[in-house]
Amino acid sequence: MAFKAAKYSPMNYFTILRHFFTLTIALVQFLSISVNAAPYESYAFPRQEGLTEDNYPVPLSGKPITKTAVIVKKKGVDLKKYPEFYVPENESLAKNEMRITAIGSGSVAPIRRAQATSSYLVELGNGDSFIFDIGSGVVGNLFSMGVHPAFLDKVFITHLHMDHAGGIFSLFDAMGWARNTPLHVWGATGTTPDLGIAAFTQNVRKAAEWQVQSKQNLVPTGGTKIVPHSIDIRKFSPDNPRQLAYDKNGVKIYAFPVIHTIDGSLGYRLEWNGLSMVYTADSEPSVFEAEQARKADVFIHEVFPSAEEFAEHSKMPVHLVKNVLSAHTMPDELGLVFAIAKPTLGVASHFVLDDNFIDSAFKNLRTTYGGPVVLAQDLTTINVTPEQIVVRQAKTDLLASLLTRPKVEGVDMRPGQPSESKRPDWLTSTRITK
């Protein structure tokens, strides 16, 4: 069918031009509203919702990678209704509630924008906050969760690989302007002093000396201290499988050894108010660690793709990848660990997220375990109550700023004394002044 060209009079052109300007003004107003809208409401996940061939959500689409996003622990009771996404400034914790967030879910080879390395934030309804591991690239995610850095002062490190401990410098940089109390760090002693948490934290502090001196007359200095809490690995034995590392405000955190490279790798079990979380980070699968995690509400454990998949991702030779993976856990092995531990929810973490790796990971895991499992991505958020466990993704502000400074009684907020290190006068004299 042939289309005839429309005939336009000068009046037609005027009418079209008027409508064009009207639409343009409306569009500008809409964009203005969108720009000024709350950052969470206007936030769009990097990818549209989609599914793998086996119907698991694809990463970065706003959906947790699981088919069991809600687990009911107690039937016949009223369950709390949660929004689709966790928005930090919009939700407060109930007094009997625990929230666990994957601050870093990725692997070390390489660090990617979409996946920081290892770290989990645990927040409790009593106001306590704990960080488990502080890997490279995680602190931006951590600060975006709406917890003021003044309260991010308790870090439990599983082992001293940099993808689990290297982010401590950025957290330490919260001193003065955000946290004016010491940073407390728990970890293993190591078989020799130089391999322990005390030496590690002392070296971090030494490496930051220029930073500290350059700011000590600008900001308060109480946050320039790092306090190590050493867990003596010599005390572990079959008769003493775990040690109480933390006991305060109703929270108990136990440490236990895991199999990973040299001696000095730990797992942690947090217990509070009848709720429990276990985090083992890197480890070879063992009956021992599974027993330490038995019946936990949430058990977070590493998992790796196959040697061929990881070689494809990391561009490492397969024979070297097999060396690396011998110190880690494969999906079918993780299933065996979960089958012994029987957590309410198993969390597979430290995984290289790729659309093509997800289905094979779950297929292999399902050969040995049939319980609820989520494959962690950054900002996967897990709310735990006595009645249920709910898994979601968090929406956080990409330009998040500090919340109102909390009032902490007895904390000296006065700046310190200037450093004795002085700039040369010839350089200072060139400073531009108004």
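The structure we're discussing is the one just above.
What counts as what
Residues numbered from 1 in each chain as written. Predicted model: local features only at pLDDT ≥ 70, side-chain atom pairs only at ≥ 80, totals over all residues. Heavy atoms only, no water. Helix = DSSP H or I, 4+ residues; strand = E, 2+ residues; numbered from the N terminus. Phe/Tyr/Trp six-rings, centres within 6.5 Å; stacked < 30°, edge-to-face > 60°. Buried < 20%, exposed > 50% of the residue type's maximum accessible area, 1.4 Å probe, protein only. Lys NZ or Arg CZ within 6 Å of the ring centre and 35° of its normal. Pairing = 2+ DSSP bridges. Axes fitted to C-alpha atoms, helices over the stretch in contact; angles between N-to-C directions. Contact = heavy atoms within 4.5 Å. 1 Å grid on protein atoms, 1.4 Å probe; cavity = no way out; pocket = protein on both sides within 12 Å on 5 of 7 lines; lining within 4 Å. Points joined across faces, edges and corners; volume = space filled by probe spheres on them. Nonpolar A, V, L, I, M, F, W, Y, C, P; charged D, E, K, R; others polar. Parallel < 35°, antiparallel > 145°, perpendicular 65-115°, else oblique. Left-handed = near helix turned anticlockwise from the far one by under 90°. Lys, Arg positive; Asp, Glu negative; His and termini not counted. Salt bridge = Lys/Arg side-chain N within 4 Å of Asp/Glu carboxyl O. Arc of directions from axis to C-beta.

**Digging into unusual backbone geometry**
At K342, a position not held by glycine, the phi torsion is positive, near 50°. Positionally, K342 belongs in the loop between α11 (331-341) and β13 (345-349). At L379, a position not held by glycine, the phi torsion is positive, near 70°. With respect to the helices and strands, the residue L379 is situated in the loop between β14 (373-375) and β15 (380-384).

**A look at the packing of aromatic side chains**
The final tally for this structure, using the stated rule, is 16 aromatic pairs. Ring geometry for Y56 against F362: centres 3.9 Å apart, planes inclined by 10°, an arrangement best described as stacked. One end of the pair, Y56, is in the loop between α2 (39-42) and β1 (70-72); the other, F362, is in helix α12 (residues 355-365), with 306 residues separating them in the sequence. A relative accessible area of 7% places Y56 in the buried class. By way of ring pairs, the aromatic residues Y120, F130, F132, F156, W186, Y246, Y268 and Y279 are connected into one cluster. One residue, R242, lies across the ring of Y254, its end atom 3.7 Å from the ring centre.

**Topic: the pairing of strand β3 (residues 119-124)**
Counting buried positions over the 6 residues of β3 gives 6, a clear majority of the element. Where burial is concerned, the two faces of β3 agree: the one with S119, L121 and E123 and the one with Y120, V122 and L124 are both buried. Relative to β3, strand β2 (residues 98-104) runs antiparallel, the two being bridged by 6 bridges. Bridge assignment links G104 to a residue of β3, and that residue is S119.

**What about the sheet that holds strand β11 (residues 275-279)?**
The 7 strands are arranged β8-β9-β10-β11-β12-β13-β14 in an open sheet whose pairing can be described as mixed. In this open sheet, the two strands that pair with only one neighbour each are β8 (243-248) and β14. Averaged over neighbouring strand pairs, the angle between their axes works out to 15° when direction is ignored. Pairing of strand β9 (residues 251-257) with strand β10 (residues 266-272) involves 7 bridges; the strand directions are antiparallel. If you follow K252 over to β10, its bridge partner there is E271. Sheet strands in contact with α11 are β12 (298-302), β13 and β14, and its direction is about 160° off that of β12.

**Looking at the layout of surface pockets**
As a volume, the largest pocket reaches approximately 850 Å³. For the largest pocket, the lining is made up of 39 residues, of which N141, S144, L379, T396 and L398 are closest to its centre. Where the lining of the largest pocket is concerned, the elements lending two or more residues are α2 and α3 (139-143). Top contributing element to the lining of the largest pocket by residue count: α3, with 3 residues. Among the residues making up the lining of the largest pocket, the classes are represented as 20 nonpolar, 13 polar and 6 charged.

**Focus: the packing of helix α9 (residues 307-314) against α12**
Packing of α9 against α12 leaves a shortest axis separation of 11 Å and a crossing angle of 160°. Considering the angle they form, α9 stands roughly antiparallel to α12. In this structure, the crossing between α9 and α12 has a hand that is left-handed. Counting all contacts with α9, which are made through E309, E312 and H313, the residues of α12 involved are N356, F357 and S360.

**Brief notes about the side chain of E309**
Inspection of the secondary structure puts E309 in helix α9. Of the side chains bearing the opposite charge, K363 lies closest to the buried E309, which forms no salt bridge; the N-O distance is 9.7 Å. Those residues in contact with E309 that lie beyond four places of it in its chain are N356, F357 and S360.

**What to know about helix α6 (residues 197-207)**
Those residues of α6 lying buried are I197, A199, F200, T201 and V204. Contact partners of the buried residues in α6: α4 (162-165), α5 (168-172), β6 (183-188) and β7 (226-231).

**Notes on α11**
If you check which residues of α11 are buried, you get P331, L334, G335, V337, F338 and A341. The arc that holds every buried residue of α11, seen down its axis, measures 160°, which confines them to one face. The elements touched by buried residues of α11 are α8 (287-292), β12, β13, α12 and β14. Of the residues flanking the end of α11, it is K342, one or two places downstream, whose phi is positive at about 50°.

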